[in-house]
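# Observations on chain architecture
Now for the letters of each chain:
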Amino acid sequence: MATVDDYERAGLYDPEADATNGRIELLDWLVDQGFTIAEMQRAVETDALVAMAGDRRMVPGRRMSRAEALERSGLAPDDFDAYSTAFGFVPIEGAPESEVGYTESEVGSLATMHLLTSVFSPDEAKGLIRVIGSAMGRIGEAGVSLFLADIESPHVLSGAKEIDLAHSVHDAVGLLDGLAAQLDPILRRQMLQAVERTRRTSIDMTERFQYRYAVGFVDLVGFTALSSHMGAQELSMFMGRFEGEAHDVATSAGARVVKLIGDEVMFVATDPVAACHAAIALMEAFTGEYVGVTPRGGMAYGNVVLRSGDYYGTVVNLASRLVDAAVPLELLVTEELAVAASGCDFEPAGRRMVKGFDEPVSVRSMQAGQSPDRL
């Protein structure tokens, strides 16, 4: 068992600075977890001392070199490197010098991904792996930022002991244990819902690249100026509410949030009426949130290209441009959407020259606070 003198000689403990912050309890606990003095010294250099046990629990196992991992995977070198890059792997702590550092379980995942090429072309398989890596990366970023804002920041501000924070990190990482198995039914349901959406939006029996969707955007006019005066915590809290509210409101209306682009939300719906309800509900949800900030929206309906969970094409571009043309609290829609959304009441709004389009576009409008349903 290491002593206080050992910690002090190693530069891990300063009697004057660390007498009341729980450093000795933390160091003793880390030793009990099997960490060496040298490992703790390296962790101090990167400000990772309290997270050491959590980091190891998060990605357990020895970090292998590329050469060893490649041999164990049974993959061709080009495929191994392509899948690793597609997943977004970069060097992590404990990896060999100038190496990514692979664990046994990660090598197994890379090898399993090669099975996709038995169904899809190699390029399409790599595209799907990129989507998986990107989605996992976003989940990781969201989890870490939530912990930092909701647990670590209050802990540090309160002056609580380091050992308590280390336990919090370790326990939070423990939530990952078994998470993959619990996500399996969610993934399967999401994939089935995607299948059913494509069935409802298919153009004909042979077309498999374009589908018919209502596409909408809602943004917050005046938020950019307001956000420049917000503190980091206030901005983070607002964006958290914005993202959560946008997702819940759109989903409840029968639409799907595709992504958030700053203070703008993009959504799609297979049913134009549901899209109208989602747009108005989103605008009403953020009306009055802040003085000087008002929402506006734009929507279009027609054929879009689906790719990697996103939507592309003229209809998407037009909807995006219409939100820029709308005045605050106004929803501007194309004539095609207004006709398809039977039961929704729009007012004629003339023909507009829209950036990127050579001909004027006929549009109709609806105001936030006005029911989408015709009375």
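See the structure above.
Residues numbered from 1 in each chain as written. Predicted model: local features only at pLDDT ≥ 70, side-chain atom pairs only at ≥ 80, totals over all residues. Heavy atoms only, no water.

What follows concerns the overall build of the protein chain. When you go through the protein chain residue by residue, the secondary structure sums to 15 helices and eight strands. Expressed as lengths along the three principal axes of its C-alpha atoms, the size of the protein chain is roughly 80 × 55 × 35 Å. Across the 375 residues that make up the protein chain, the buried fraction comes to 37%. In the protein chain, the proportion of contacts linking residues at least 24 apart, taken out of those at least 6 apart, comes to 64%. For the protein chain, the distance from the average position of its 31 positive side-chain charges to the average position of its 56 negative side-chain charges is 9 Å. (Helix = DSSP H or I, 4+ residues; strand = E, 2+ residues; numbered from the N terminus. Buried < 20%, exposed > 50% of the residue type's maximum accessible area, 1.4 Å probe, protein only. Contact = heavy atoms within 4.5 Å. Lys, Arg positive; Asp, Glu negative; His and termini not counted. Charge placed at Lys NZ, Arg CZ, Asp CG, Glu CD.)

As for its placement among the helices and strands, Arg63 is situated in the loop between α4 (52–58) and α5 (66–73). A polar side-chain atom of Arg63 sits 3.2 Å from the main-chain carbonyl oxygen of Glu93. Not counting chain neighbours up to four residues away, the residues in contact with Arg63 comprise Ile92, Glu93, Gly94, Ala95, Pro96, Gly101, Tyr102 and Thr103. (Polar contact = N/O pair within 3.5 Å; in protein donor to acceptor, adjacent residues only side chain to side chain.)

With that settled, the discussion passes to the pairing of strand β3 (residues 264–269). The buried count for β3 comes to six of six residues, which makes it a mostly enclosed element. Burial along β3 is two-sided: the face carrying Glu264, Met266 and Val268 and the face carrying Val265, Phe267 and Ala269 are both buried. Note that strand β1 (residues 210–221) and β3 share six bridges and pair antiparallel. Of the residues in β3, the one forming a bridge with Phe217 is Met266. The sheet contact formed by strand β2 (residues 256–261) and β3 spans five bridges and is antiparallel. Bridge pairing links Lys259 to Met266 in β3. Count of turn residues in the β2/β3 antiparallel hairpin: two residues, of which Gly262 carries a positive phi of about 65°. (Pairing = 2+ DSSP bridges.)

With that settled, consider unusual backbone geometry. Located in the positive-phi region is Ser98, a residue other than glycine, with phi close to 60°. Its place among the elements puts Ser98 in the loop between α6 (77–87) and α7 (104–113). The backbone of Ser308 sits at a positive phi, close to 55°, despite the residue not being glycine. You can see Ser308 is positioned in the loop between β4 (294–307) and β5 (310–312).

Here we come to a nonpolar patch on the surface. A contiguous nonpolar patch, built from Met58, Leu176, Leu179, Leu183 and Ile186 and spanning about 420 Å² of accessible area, is present on the exposed surface. Its place among the elements puts Leu176 in the loop between α9 (162–174) and α10 (179–201). Overall, Leu176 belongs to the partly exposed group, its relative accessible area being 43%. (Patch = residues over 30% accessible without salt bridge, like charges linked within 9 Å, V, L, I, M, F, W, Y side chains within 5 Å. Areas by Shrake-Rupley, 256 points an atom, 1.4 Å probe, with all protein chains shown as cover. Salt bridge = Lys/Arg side-chain N within 4 Å of Asp/Glu carboxyl O.)

This structure, assessed with the given rule, holds 17 salt bridges. Across the pair Arg307 and Glu124 runs a salt bridge whose closest N-O atoms are separated by 3.1 Å. Here Arg307 is found in strand β4, whereas its partner Glu124 is found in helix α8 (residues 122–158), with 183 residues between them in sequence. Of the charged contacts in the structure, one is a salt bridge between Arg188 and Asp184, with a shortest N-O distance of 2.9 Å. Residue Arg188 and its partner Asp184 are located together in helix α10, separated by four residues, close to a single helical turn.

With that settled, the discussion passes to the packing of helix α12 (residues 232–252) against helix α13 (residues 272–285). Direction vectors running N to C along α12 and α13 enclose 145°, while the axes themselves pass 9 Å from each other. In the crossing of α12 with α13, the sense of the turn from one axis to the other is right-handed. The residues of α13 that touch α12, namely those facing Glu245, Ala246, Val249 and Ala250, are Ala278, Ala281, Leu282 and Ala285. Residues that form the contact of α12 with α13 fall into these classes: seven nonpolar, no polar and one charged. (Axes fitted to C-alpha atoms, helices over the stretch in contact; angles between N-to-C directions. Left-handed = near helix turned anticlockwise from the far one by under 90°. Nonpolar A, V, L, I, M, F, W, Y, C, P; charged D, E, K, R; others polar.)

So, about the pairing of β4. As paired strands, β1 and β4 are joined by 12 bridges and run antiparallel to one another. Of the residues in β4, the one forming a bridge with Tyr213 is Gly302. Bridge analysis of β4 against strand β6 (residues 330–334) gives three bridges, and the strand direction is parallel. For Met299, the partnering residue across the bridge sits in β6 and is Val333. Note that β4 and β5 share three bridges and pair antiparallel. Bridge pairing in β5 places Val305 opposite Tyr312. Between β4 and β5, which pair antiparallel in sequence order, lie two residues; one of them, Ser308, sits at a positive phi of approximately 55°.

Scanning all chains against the criterion turns up seven aromatic pairs. With a centroid separation of 5.0 Å and an interplanar angle of 65°, the aromatic rings of Phe80 and Tyr102 are classed as edge-to-face. Remark: Tyr102 occurs in the loop between α6 and α7 and Phe80 occurs in helix α6; sequence separation between them is 22 residues. Judged by centre distance (4.6 Å) and plane angle (25°), the rings of Phe223 and Phe238 are stacked. (Phe/Tyr/Trp six-rings, centres within 6.5 Å; stacked < 30°, edge-to-face > 60°.)

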